[in-house]
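Structural characterization, general
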Amino acid sequence: MAVLLVGLAQLNLRLGDLDGNASMVMDAYDEAVGLGAEVVVFSELTVTGYPPEDLLLKPAFVAGAASALERIARHTGPVPAVVGFPEDTGLGGPVRLWNSVAMCWDGAARAVYRKHLLPNYAVFDEQRYFVPGSEAGPLLKVGDVSVGVSVCEDLWGPPRTADAATPDGDLEARLGGEDDTSPVMAQVAMGAQLVVVVNGSPYRRGKQADREAIARARAATLGVPVVYVNQVGGQDELVFDGSSFVTDALGSVVCRLPAFREHVATCDVPLRSEMIPASELGDDRSGHRRDDEQRGNSTASLDATSGATAPTTTTRREAIAPPLEPLEEVWSALVVATRDYVRKNGFTDVAVGLSGGIDSSAVAAVAADALGPEHVHGVSMPSRYSSEGSRTDAAQLAANLGIDFRTVPIEPAHAALAGMLEGATIDTNPSDNDGSPDAASPNDRAAADLTDQNLQSRIRGVLLMALSNRFGWLVLTTGNKTETSVGYTTLYGDTAGAYAVIRDVPKLLVYELCEWRNRQGDGERIPRACIDKPPSAELRPDQRDDQSLPPYELLDPLVEAYVEGDLSAAEMLEQLSADPEVVHRVTRLIDVAEYKRRQSPPGPRITAKSFGKDRRMPITNFYR
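Not measured: the values here are computed from a predicted model. (Residues numbered from 1 in each chain as written. Predicted model: local features only at pLDDT ≥ 70, side-chain atom pairs only at ≥ 80, totals over all residues. Heavy atoms only, no water.)

In this section: the pattern of salt bridges. Counted by the stated rule, this structure contains 31 salt bridges. In this structure, the salt-bridge partner of Lys-507 is Glu-483, at a minimum N-O distance of 3.3 Å. Of this pair, Lys-507 sits in helix α14 (residues 507-518) while Glu-483 sits in helix α13 (residues 481-486), and the two are 24 residues apart along the sequence. Taken as a pair, Lys-507 and Glu-483 share a single burial class, namely buried. Among the charged side chains, a salt-bridge network with shared partners connects Asp-369, Arg-517, Asp-522 and Arg-525. (Salt bridge = Lys/Arg side-chain N within 4 Å of Asp/Glu carboxyl O. Helix = DSSP H or I, 4+ residues; strand = E, 2+ residues; numbered from the N terminus. Buried < 20%, exposed > 50% of the residue type's maximum accessible area, 1.4 Å probe, protein only.)

Next comes the structure, spelled out in structure tokens:
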């Protein structure tokens with residue numbers, strides 16, 4: 001059975017570090033060639049990292065990327081490297097680039113493919129920067145094997161997009177129709193025996209199943225294997241899971257790299273449809289191996305223009321890494337996103353305000369896993385309303401995680417500020433009252449109560465930022481997606497910080513993640529009391545979240561329908577069994593909280609639609 005030994009380079013690139021990325025690519029290339037690779041495949045926009053956003057508008061940046069690519073190309077030998085880069089069209093104008101892939105060998109970039117399908121939805125806005133390519137080729141010739149090269153969305157193409165929901169059962173039947181513009185079909189018609197796809201595909205829950213579904217369907221429909229290479233690591237609001245993989249020509253996955261880890265590997269890619277069952281192929285971990293005669297010679301002639309051959313070497317094939325279970329997948333995404341945001345921005349340590357509740361416990365546990373407990377500083381800031389249980393729970397959490405713990409009571413500041421504001425916060429409007437506190441209306445008393453609650457939260461924000469200034473710690477905020485959605489946060493208070501670790505994690509999922517973390521065999525990381533207690537901000541006596549919000553069992557599905565599903569209130573009432581008054585209240589809360597979210601720190605995207613660049617709503621908005 002004919003095979004091609006393909007190197008997959010799943011790297012954690014540093015966006016904008018052109019020289020550093022070039023060095024990383026060259027090191028990975030050498031490693032893959034040393035493992036016997038006959039071609040080495042990297043991810044989308046390898047040289048710059050993905051997504052470079054408005055750096056692409058800087059001519060000097062694009063020129064620097066071209067220089068970095070030239071450096072990579074000069075480093076290559078007879079084994080081709082498939083490397084992504086932004087290419088200047090030379091046509092001028094505001095949109096003047098191609099999203100391109102260079103095929104480099106023998107010291108030069110010898111061919112270029114340009115991405116056809118430019119996503120402009122969800123977190124993608126490639127049409128802001130790129131013009132589409134028009135040629136399906138050229139094909140890369142590796143020995144006697146013709147290889148088609150494409151970029152991310154090119155594999156999907158209408159009728160599907162790369163960030164759509166889980167494909168349904170008739171996906172394979174719908175591929176190749178009149179509306180299917182994927183250039184891989186033309187590549188196969190040109191003679192491609194293998195399709196290589198370079199990707200900058202960010203993580204969301206369930207994304208890997210979607211990727212593999214489309215790749216398997218393409219492979220089975222076209223009768224050629226698919227090699228899918230993705231980057232890994234955190235980049236602001238996005239986190240990339242890697243999870244690169246290979247399918248055979250029948251659509252079976254024959255290789256999968258580990259999720260959320262840098263990895264360079266080789267995989268035997270079988271080139272014909274008549275597959276031999278893995279059970280009949282001996283002990284090779286990939287399930288597809290050359291026989292002894294084939295294994296003895298890994299020499300491959302490349303394009304005839306090079307006249308070069310790859311060296312004979314000992315090869316190592318990659319196993320099929322098992323997919324992560326759903327909760328482990330989300331936890332890993334949060335850990336990688338947090339680690340990279342902190343370290344890539346030049347920080348080593350973080351501060352987390354610890355209330356003894358579930359959200360701050362989850363954030364502290366993620367931070368400890370991401371950075372090591374010695375780099376996490378928990379700060380308890382009890383008030384006159386903080387229960388003794390919350391104080392001891394926060395201390396126990398810090399002890400369980402092994403993180404630094406310190407206590408800064410807020411009562412002195414709370415009393416001082418409340419005293420300073422006492423005269424200024426009396427409503428002296430004679431139409432409502434006689435100017436005395438005793439005559440305040442119920443609305444006045446509610447406003448005064450809310451003012452006092454927010455004052456406490458803002459004091460805590462000031463203290464955390466003071467510690468950040470003093471010690472150089474980056475502050476992690478602790479608001480979850482549900483509370484962020486409905487504005488159950490305090491601007492300049494619990495939203496004060498640099499990174500919102502669980503900003504895209506619904507409240508009930510926070511509980512599931514904490515339970516999962518406690519089952520991982522290294523002891524109870526999050527105290528049982530933090531999980532079991534009724535959620536409360538503890539900003540007034542006997543406060544509970546369900547006094548201000550619907551129960552989270554009702555609220556989370558409503559938030560998902562409105563934010564991720566883009567349903568209107570009327571559509572929610574048609575499709576969900578929910579109280580109309582609750583639906584209208586929740587949607588109104590989400591709408592009016594947009595101004596808060598615009599001023600809140602970024603956080604990693606893990607759902608189908610997160611706040612930030614994924615959901616762009618006007619602040620001043622009369623639509624209901």
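Moving on: the sheet that holds strand β17 (residues 404-407). Strand order in the open sheet formed by five strands is β17-β16-β15-β18-β19, with parallel pairing between adjacent strands. If you trace the sheet from one side to the other, it starts and ends with β17 and β19 (499-500), each paired once. In this fold helix α9 (residues 358-371) packs onto β15 (350-353), β16 (376-380) and β18 (474-477), with an angle of close to 165 degrees to the strand it touches most, β15. (Pairing = 2+ DSSP bridges. Contact = heavy atoms within 4.5 Å. Axes fitted to C-alpha atoms, helices over the stretch in contact; angles between N-to-C directions.)

Tallied over the entire structure, the rule returns eight aromatic pairs. Their ring planes at 15 degrees and their centres at 4.1 Å tell us that Tyr-341 and Tyr-499 sit as a pair that is stacked. Here the residue Tyr-341 occupies a position in helix α8 (residues 326-344), and Tyr-499 occupies one in strand β19, the gap between them amounting to 158 residues. Among the residues examined, Tyr-341 registers a relative accessible area of 15% and is labelled buried. We classify Tyr-499 as buried; its relative accessible area is 0%. The ring of Trp-98 carries the charged tip of Arg-114 above its face, separated from the ring centre by 3.9 Å. Taking NZ or CZ as reference, Arg-597 lies 4.4 Å from the ring centre of Phe-611, over its face. (Phe/Tyr/Trp six-rings, centres within 6.5 Å; stacked < 30°, edge-to-face > 60°. Lys NZ or Arg CZ within 6 Å of the ring centre and 35° of its normal.)

The periodicity of an α-helix, 3.6 residues per turn, causes residues three or four places apart in sequence to face the same way. Along its 19 residues, α8 runs 27 Å from first to last C-alpha, staying within 8% of the 27 Å computed at 1.5 Å per residue. With respect to burial, α8 is a largely interior element, 14 of its 19 residues being buried. (Expected span 1.5 Å × (residues − 1).)

This part covers the side chain of Ser-360. Considering the arrangement of structural elements, one finds Ser-360 in helix α9. In this structure, Ser-360 is in contact with Val-352, Gly-353, Leu-354, Ser-355, Leu-397 and Thr-478, ignoring residues within four places of it in sequence.

Next up on the list: the confidence of the model for the protein. On average, residues of the protein carry a pLDDT of 87, and 86% of them reach 70 or more. Segment residues 165-169: pLDDT under 50, and nine contacts once partners within four positions in sequence are set aside and those in other chains are kept. In the predicted structure, residues 273-302 sits below a pLDDT of 50 and forms 74 contacts with residues beyond four places in sequence or in another chain. (pLDDT = per-residue confidence, 0-100.)

Bringing unusual backbone geometry into the picture now. Cis geometry marks the peptide bond from Tyr-50 to Pro-51; its omega dihedral reads -5 degrees. With a phi angle near 55 degrees, Ser-243 is a residue other than glycine that sits in the positive phi range. Take Ser-243: it is sitting in the loop between β11 (238-241) and β12 (245-247). Its relative accessible area of 4% is what places Ser-243 among the buried residues. One non-glycine residue with positive phi stands out, namely Tyr-492, at about 70 degrees. Looking at the secondary structure, you find Tyr-492 in the loop between α13 and β19.

Turning to the environment of Arg-205, a few remarks are in order. With respect to the helices and strands, the residue Arg-205 is situated in the loop between β8 (194-199) and α6 (207-222). Using a relative accessible area of 39% as the deciding quantity, one classes Arg-205 as partly exposed. For the pair Arg-205 and Ala-333, spaced 128 residues apart in the sequence, the C-alpha separation amounts to 9.6 Å. With residues up to four places along the chain from it excluded, the contact list for Arg-205 reads Glu-329, Val-330, Leu-509 and Ile-606.

A word on the sheet that holds strand β4 (residues 97-105). Note on sheets: strands pair through backbone hydrogen bonds, and any given pair is parallel or antiparallel. An order of β5-β4-β3-β2-β1-β14 is seen for the six strands of this open sheet, with the pairing classed as mixed. Here the strands that pair on one side only, and so sit at the sheet edges, are β5 (108-114) and β14 (263-270). With direction set aside, neighbouring strand axes in the sheet form an average angle of 35 degrees. One ladder, built from eight bridges, connects strand β1 (residues 3-10) with β14; its direction is antiparallel. Bridge pairing in β14 places Ala-9 opposite Val-264.

It is worth spelling out the pairing of β4 at this point. Extensive coverage of β4 is indicated by the burial of nine of its nine residues. For strand β3 (residues 81-88) and β4, the ladder comprises eight bridges, and the chain directions are antiparallel. Each residue of the ladder has a partner; that of Phe-85, found in β4, is Ser-100. Two elements, β4 and β5, share six bridges in a ladder whose sense is antiparallel. The residue bridging Ser-100 from the neighbouring strand is Arg-114, located in β5. Where β4 folds back onto β5 in an antiparallel hairpin, the turn is made up of two residues, including Asp-106, whose phi is positive at roughly 50 degrees.

On to empty space enclosed by the protein. As enumerated under the stated definition, the model contains three cavities of 30 Å³ or more in all. What the largest cavity holds in volume is close to 120 Å³. For the largest cavity, the lining is made up of 14 residues, of which Gly-479, Thr-484, Thr-489, Thr-495 and Ser-600 are closest to its centre. What lines the second largest cavity is a set of 14 residues, and nearest its centre among them are Tyr-50, Pro-51, Asp-125, Glu-126 and Tyr-129. Residues belonging to the lining of the second largest cavity are distributed by class as follows: ten nonpolar, no polar and four charged. (1 Å grid on protein atoms, 1.4 Å probe; cavity = no way out; pocket = protein on both sides within 12 Å on 5 of 7 lines; lining within 4 Å. Points joined across faces, edges and corners; volume = space filled by probe spheres on them. Nonpolar A, V, L, I, M, F, W, Y, C, P; charged D, E, K, R; others polar.)

Here we take up the pairing of strand β13 (residues 253-256). Each regular strand shows side chains that alternate between the opposite faces of the sheet. Both β12 and β13 contribute to a ladder of three bridges, which runs antiparallel. If you follow Thr-247 over to β13, its bridge partner there is Val-253. Linking β12 to β13, which pair antiparallel, is a turn of five residues; within it Gly-251 sits at a positive phi near 95 degrees.

Before going further, it helps to examine the environment of Val-188. Mapped onto the elements of the fold, Val-188 is located in helix α5 (residues 184-189). Along the sequence, Val-188 and Ala-136 sit 52 residues apart, while their C-alpha atoms lie 9.6 Å from each other. Beyond its immediate chain neighbours, meaning those up to four positions away, Val-188 contacts Val-195, Leu-222 and Val-224.

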